[in-house]
Amino acid sequence: MTAINAVTDYSLEGDVGVITLNSPPVNALSAAVRDGIADGMAKAFADPGAKAVVLICEGRTFIAGADITEFGGERKGADLLKVMQDMENAPKPVIAAIHGTALGGGLETALACHYRVAVPSARCGLPEVALGLLPGAGGTQRLPRIVGVEKALEMMTSGAHVPAPQCLAMGLVDELTEEGKLREGAIAFARKVVAEGRPLKKVRESNEKVEAARGHPEIFENFRKANARKFRGFLAPEYNIRCIEAAVNEPFEEGMKTERRLFGELMSGSQSAAQRYAFFAERQANKIPDVPDDTPQIPVGSVGIIGAGTMGGGIAMNFANAGIPVTIVEVKQDALDRGLGVIRKNYERTASRGGITAADVEKRIGLIKGSLDMNDLAPADMVIEAVFERMDIKKDIFTKLDAICKPGAILATNTSALNIDEIALVTKRPEAVIGLHFFSPANVMKLLEVVRADHTAKPVIATSMKLAKKIGKIAALVRVTPGFVGNRMLAQRQREAQKLMFEGAMPWDIDRVLYDFGFPMGPFAMSDLAGLDVGWVKETSKGETIRDVLCEMDRRGQKTGAGYYDYDENRVARPSPVTEKIIQDFVAKSGVNPRQISDEEILERCLYPMVNEGAKILEEGKAIRASDIDVIWENGYGWPVYRGGPMWWGDHVGLDKILARMMEFQAQMGDVYKPAALLETMVAQGKKFTGS
Ligand code: CAA
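Residues numbered from 1 in each chain as written. Predicted model: local features only at pLDDT ≥ 70, side-chain atom pairs only at ≥ 80, totals over all residues. Heavy atoms only, no water.

Going through the model one piece at a time under the given rule, you end up with 20 aromatic pairs. Ring geometry for Phe-502 and Phe-586: centres 6.1 Å apart, planes at 80°, overall edge-to-face. Of this pair, Phe-502 sits in helix α20 (residues 486-503) while Phe-586 sits in helix α24 (residues 577-590), placing them 84 residues apart in sequence. With a relative accessible area of 28%, Phe-502 lands in the partly exposed category. Exposure remark for Phe-586: the relative accessible area of 13% places this residue in the buried category. (Phe/Tyr/Trp six-rings, centres within 6.5 Å; stacked < 30°, edge-to-face > 60°. Helix = DSSP H or I, 4+ residues; strand = E, 2+ residues; numbered from the N terminus. Buried < 20%, exposed > 50% of the residue type's maximum accessible area, 1.4 Å probe, protein only.)

Once that is clear, we can look at the layout of surface pockets. Estimates place the volume of the second largest pocket at around 620 Å³. In terms of lining residues, the second largest pocket is bounded by 25 residues, among which Met-317, Val-342, Asn-346, Arg-349 and Asn-443 are the most central. Per element, the largest residue contribution to the lining of the second largest pocket is nine residues, and it comes from helix α15 (residues 333-352). (1 Å grid on protein atoms, 1.4 Å probe; cavity = no way out; pocket = protein on both sides within 12 Å on 5 of 7 lines; lining within 4 Å. Points joined across faces, edges and corners; volume = space filled by probe spheres on them.)

Below, the discussion takes up unusual backbone geometry. Between Pro-24 and Pro-25 the backbone carries a cis peptide bond, its omega angle lying at 0°. Structurally, Pro-25 is set in the loop between β3 (16-21) and α1 (31-46). Residue Pro-441 is bonded to the preceding Ser-440 through a cis peptide linkage, with omega at -10°. Looking at the element boundaries, Pro-441 is found in the loop between β16 (433-438) and β17 (447-452). Even without being glycine, Phe-484 reaches a positive phi, approximately 50°. Within the secondary structure, Phe-484 sits in the loop between β18 (474-479) and α20. Under the relative-accessibility criterion, Phe-484 is labelled buried at 0%. A positive phi angle, close to 65°, is found at Asp-554, a residue other than glycine.

Next up on the list: the pairing of strand β12 (residues 326-329). Taking every second residue as pointing to the same face, both faces of β12 are buried, with Val-326 and Ile-328 on one and Thr-327 and Val-329 on the other. Inspection of the sheet shows strand β11 (residues 303-306) paired to β12 by four bridges, in the parallel sense. From the neighbouring strand, Gly-304 faces β12, where its bridge partner is Thr-327. Where β12 meets strand β13 (residues 368-371), four bridges bridge the pair, whose relative direction is parallel. (Pairing = 2+ DSSP bridges.)

All told, the structure shown has one cavity of 30 Å³ or more when counted by the stated rule. Its volume calculated, the largest cavity comes out at about 30 Å³. In terms of lining, the largest cavity is formed by Phe-319, Met-382, Leu-436, Phe-438, Leu-448, Ser-464, Leu-467, Ala-468 and Ile-471. Among the secondary structure elements, those contributing two or more residues to the lining of the largest cavity are β16 and α19 (458-470). Considering each element in turn, the lining of the largest cavity owes the most residues, three residues, to α19.

Relative orientation of the contacting elements helix α5 (residues 149-158) and helix α11 (residues 236-249) amounts to 155°, with a least axis distance of 9 Å. Taken together, the axis directions place α5 and α11 in an arrangement best described as roughly antiparallel. The hand of the α5/α11 crossing is right-handed. Taken together, the residues of α11 that come into contact with α5 (itself represented by Val-149, Ala-152, Leu-153, Met-156 and Thr-157) are Pro-237, Asn-240, Ile-241, Ile-244 and Val-248. Residues of the contact of α5 with α11, tallied by class, amount to eight nonpolar, two polar and no charged. (Axes fitted to C-alpha atoms, helices over the stretch in contact; angles between N-to-C directions. Parallel < 35°, antiparallel > 145°, perpendicular 65-115°, else oblique. Left-handed = near helix turned anticlockwise from the far one by under 90°. Contact = heavy atoms within 4.5 Å. Nonpolar A, V, L, I, M, F, W, Y, C, P; charged D, E, K, R; others polar.)

Let us look at helix α13 (residues 270-284). An ideal rise of 1.5 Å per residue puts 21 Å on 15 residues; α13 measures up with 21 Å between its terminal C-alpha atoms. Within α13, burial applies to Gln-271, Ser-272, Ala-274, Gln-275, Arg-276, Tyr-277, Ala-278 and Ala-281. Structurally, α13 contributes buried residues whose contacts are with α11, α12 (252-267), α26 (626-636) and α27 (645-653). (Expected span 1.5 Å × (residues − 1).)

Within this structure, the stated rule accounts for 50 salt bridges. For Arg-344, the salt bridge goes to Glu-362, with nearest N and O atoms at 3.1 Å. Placement of the pair is Arg-344 in helix α15 and Glu-362 in helix α16 (residues 358-366), with a sequence separation of 18 residues. With relative accessibility at 44%, the residue Glu-362 sits in the partly exposed group. A salt bridge links Glu-601 to Arg-605; the nearest nitrogen and oxygen atoms lie 3.4 Å apart. Note that Glu-601 and Arg-605 are positioned in helix α25 (residues 599-619) at a spacing of four residues, about one turn of the helix. For the pair Glu-601 and Arg-605, one class covers both residues: buried. (Salt bridge = Lys/Arg side-chain N within 4 Å of Asp/Glu carboxyl O.)

Taken together, 26 residues sit near the ligand, with Arg-60, Glu-108, Arg-283, Lys-287 and Lys-469 positioned nearest. Within the contact set of the ligand, an oxygen atom lies 2.7 Å away from a side-chain nitrogen or oxygen of Arg-60. At 2.8 Å, a backbone N or O of Gly-136 approaches an oxygen atom of the ligand. Relative to its free-state accessible area of 980 Å², the ligand is covered by the protein chains to the extent of 77%. Breaking the shell around the ligand down by element, the ones donating at least two residues are β6 (101-103), α3 (105-111) and α13. Looking at which element gives the most residues to the shell around the ligand, the answer is α13, with three residues. (Near = heavy atom within 4 Å. Polar contact = N/O pair within 3.5 Å; in protein donor to acceptor, adjacent residues only side chain to side chain. Areas by Shrake-Rupley, 256 points an atom, 1.4 Å probe, with all protein chains shown as cover.)

Before going further, it helps to spend a moment on the sheet that holds strand β14 (residues 382-385). A sheet is described by the order of its strands in space; here eight strands give the open sequence β13-β12-β11-β14-β15-β16-β17-β18, paired in mixed fashion. Strand pairing shows two members of the sheet lacking a second neighbour, β13 and β18, which therefore form its edges. In this sheet, neighbouring strand axes are inclined to one another by 25° on average, regardless of whether the strands run parallel or antiparallel. As judged from the three bridges shared by strand β15 (residues 410-413) and β16, these two strands associate in the parallel manner. The residue bridging Thr-413 from the neighbouring strand is Gly-435, located in β16. Sheet strands touched by helix α17 (residues 391-404): β11, β14, β15 and β16. Its angle to β15, the strand with the most contacts, is close to 170°.

Counting 85 residues, the largest nonpolar core has Leu-401, Ile-510, Leu-607, Ile-629, Trp-633 and Phe-689 as the members making the most contacts within it. The leading source of residues in this core is α25, at nine residues. In contact with Leu-401, not counting residues within four places along its chain, are Ile-306, Met-374, Leu-377, Val-383, Leu-411 and Arg-429. (Core = buried A, V, L, I, M, F, W, Y, C linked by side-chain atoms within 4.5 Å.)

When you line up the elements, Asp-67 lands in the loop between β4 (52-57) and α2 (80-88). One buried charge, Asp-67, has no salt-bridge partner; the nearest side chain with opposite charge is Arg-34, at 7.2 Å. Setting aside its immediate chain neighbours within four residues, Asp-67 contacts Ala-28, Leu-29 and Ser-30. (Lys, Arg positive; Asp, Glu negative; His and termini not counted.)

So this is what it looks like as C-alpha cells:
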C-alpha cells in the first residue's frame, strides 16, 4: 500500500491497481480528494503490473459530491474536469466501486469511469437541484447518454437517490456485487473486463439514447407542463432541463460548454446561495451547544401513542415506517377502529401509487397495535400524547403516565400551544418530559419542533433529536413559548392578513402576493382548505367577525363549496362578490376609509413583523440560532427554500430597511409593531442574523 496523499492510498492487488479514498465524513471532492484521484490514477496508469484500476472509498459512502464548503472559495487542487477526462481516456479499464451514496460530483466521477459496480444497498443520484444547482462536471451530458432523456429528466429535477438495483436496470451500474464484499467484487469484475477484452466504454461517445430524442422537443415541453407546479419559482429545475436539451441537440463538447455556462449562472445567483444555506442550516440544527454528541442516548425500541386521531395516527406511521413497534391507545373502540382504518387507507393509497409494496403495507400495519388500556404503555420506551388541546385532559394523562410508564421512559406531548412546563410538573419526573410538535399531516410533513421544557434532561433531548432523523424528520430544538417558534411567528402574519382586510385589501389580493412570493398558498386559501369552522361555535356566534358571518351563512370553506372564496365543482377558487360585500360592510361600519394597498405593502406588512418576532424569539433564547428558525419555516410552513427562510430573507432585504418600516408601523398603528431590541442592536452594529 502506497500513500498518495493524506486521503488516498494506492495498492496493487494481483493485476489490479486499487485507489482508495478516505476523507470523512462523506468523501466529498475536496481539493485533497481531487489531487488524490489525479495522482492515484497517474500512478495506476504508469504501473505496468496494473491491467485495470478500481476506484473505491473507505467509510460510510462513495464520493457524496463536490465539497460544498469549498463553493465560493479560492480554487485549489486538481481540476475535476481534467481528472475525469484523464480517467475516461485512460489506457486501461477504470472501474468505480460504489457503496453508500454516489451523489453529484461523486456520480459524475463514476460516470467518467468505464464501468461501475455497486453493492445492492448503494444509491446513485444527481441531487444538485436541491442546492439550486445543476451537475457541473459533465453529469448533465453523460447521464442522459447512459439512462436516456426521460429518466435523466426525472433524476436530475428530483435529485432522487436511486437504489442500486434500479440503477442496474437502467444501465447506470454494470454489476451488483455481494453486500459487504465490494472490494473483492470490484476487483473480480475488473479482471473479467480484462479477460474478456471488453472495450474502454466512454459514456461521452455513446450517443444512441440522446439521438433518439432529437427532433422531439415535445418530450421537454410535456415534462415542463407536467411538473409546472412542483418547479414553480425555482430556477434550477429549468436549468437542468436546458442542459439535457443541450445533450440532445449539441455535440458533447458544446453541451459541456452549455452546462458550464448555466452552472455558473446558478452558482452566482441568490437562489442557490439560499438553498446551500438551507442544507447546512438543517444539519446545524442538530447541534445543541450544551447537549454534545456524546450525550448518552435512551434506546427507543417501542413507542406508545395516546390518541388515534389524525395526529396520533400520522405520528404512529412515522415510527412504523422506521420499523419501530407502536401501541396506540384510545378511549373508545370505535375511535380506535376509525384511527387504525385511516392508517391502513393511507398506506394502501401509497401502495397504489407505487410508493411501497403490498407486503410493506402489511409489515407496517403489523407494527401498529391498538389498545383501550393505558396500562399497555408500561413497557414503552417513549410515549407521545396526541389528544385534544386541553390542559386539564393533558394533565390527567400525564399524571396517569407517570404512574404507568417504566422508569427512564420519555414522556412527550404533541401539543402545539400549551405550556409544557405546566404539564411536566404534574409528574414526579419532569426531566423525562419533552414536547414533540409534529405538523399535520404528521406522516408527510418534514418538520419536528422539539420543545425543551425547563427540566428536560439532556439525554431526553439528545434521544429525541436522533430519533427525529431516524423517522425521516428535520428537527429543530426550541423552548417553551406561546405557539413555540413556528406558530408564534405565524400569528404575526395572520394578524396582519386580517388587519389588511379591514384597511381595504381583499383576501385574494393578500393571498396572491404571498403565493407569488413562493408560499404554496395564502392564509385565506389555507383557512378555506382547513375549514373556517375549526374552533367556531354556532351557538355562541354573534356575527362579530367576518369568519362568524361566513360560517353563519354556511360558507365554511372548500368543503361547503364556499368560504372566503367561491369554489366550482372542481374546487377551483374564484374571488367572491359575497365575501367582498361582507368585508366592505364591516369596513364601513368601523368607520375606516378603505384604501388601495400596494403589493409591496402587503408583503412588508405580512413578513416584516415575522422577522421582528424571530428577533424577539432569539433575544429571549427560545430558539438557539437564526438558521433554526429558517429550518422551521422552510420545512413546516412552506416558506420557499430559494428565499432561505425569514431570517436569511430579512438579512438580504436589509435589516435597516426592516427596522425603519417597523418603526413607521409602530408610529402609525401602535406597539404591536415595536421593533425587537435585538433587531435594533443588529442594525446599530451592522450585523446580520445568519452571517450571510
Ligand atoms: N460537501 C461538504 N460536506 C458535506 C457534503 C458535501 N457534499 N455532504 C455532506 N456533508 C457533511 C454534512 O454537512 C455533515 O457535516 P456535519 O457532520 O459537520 O454536520 C456530514 O457531512 C454528514 O452529513 P449528513 O448529516 O447529511 O449525513 P447523512 O449520512 O445523513 O447523509 C448524504 C449523507 C446523503 C451524503 C448527505 O449528506 C447529502 O445528501 N449530502 C449532499 C450531497 C450533494 O448534494 N452532493 C452534490 C454536491 S454539489 C456537486 O457535486 C456539484 C458538482 O456537480 C460538482
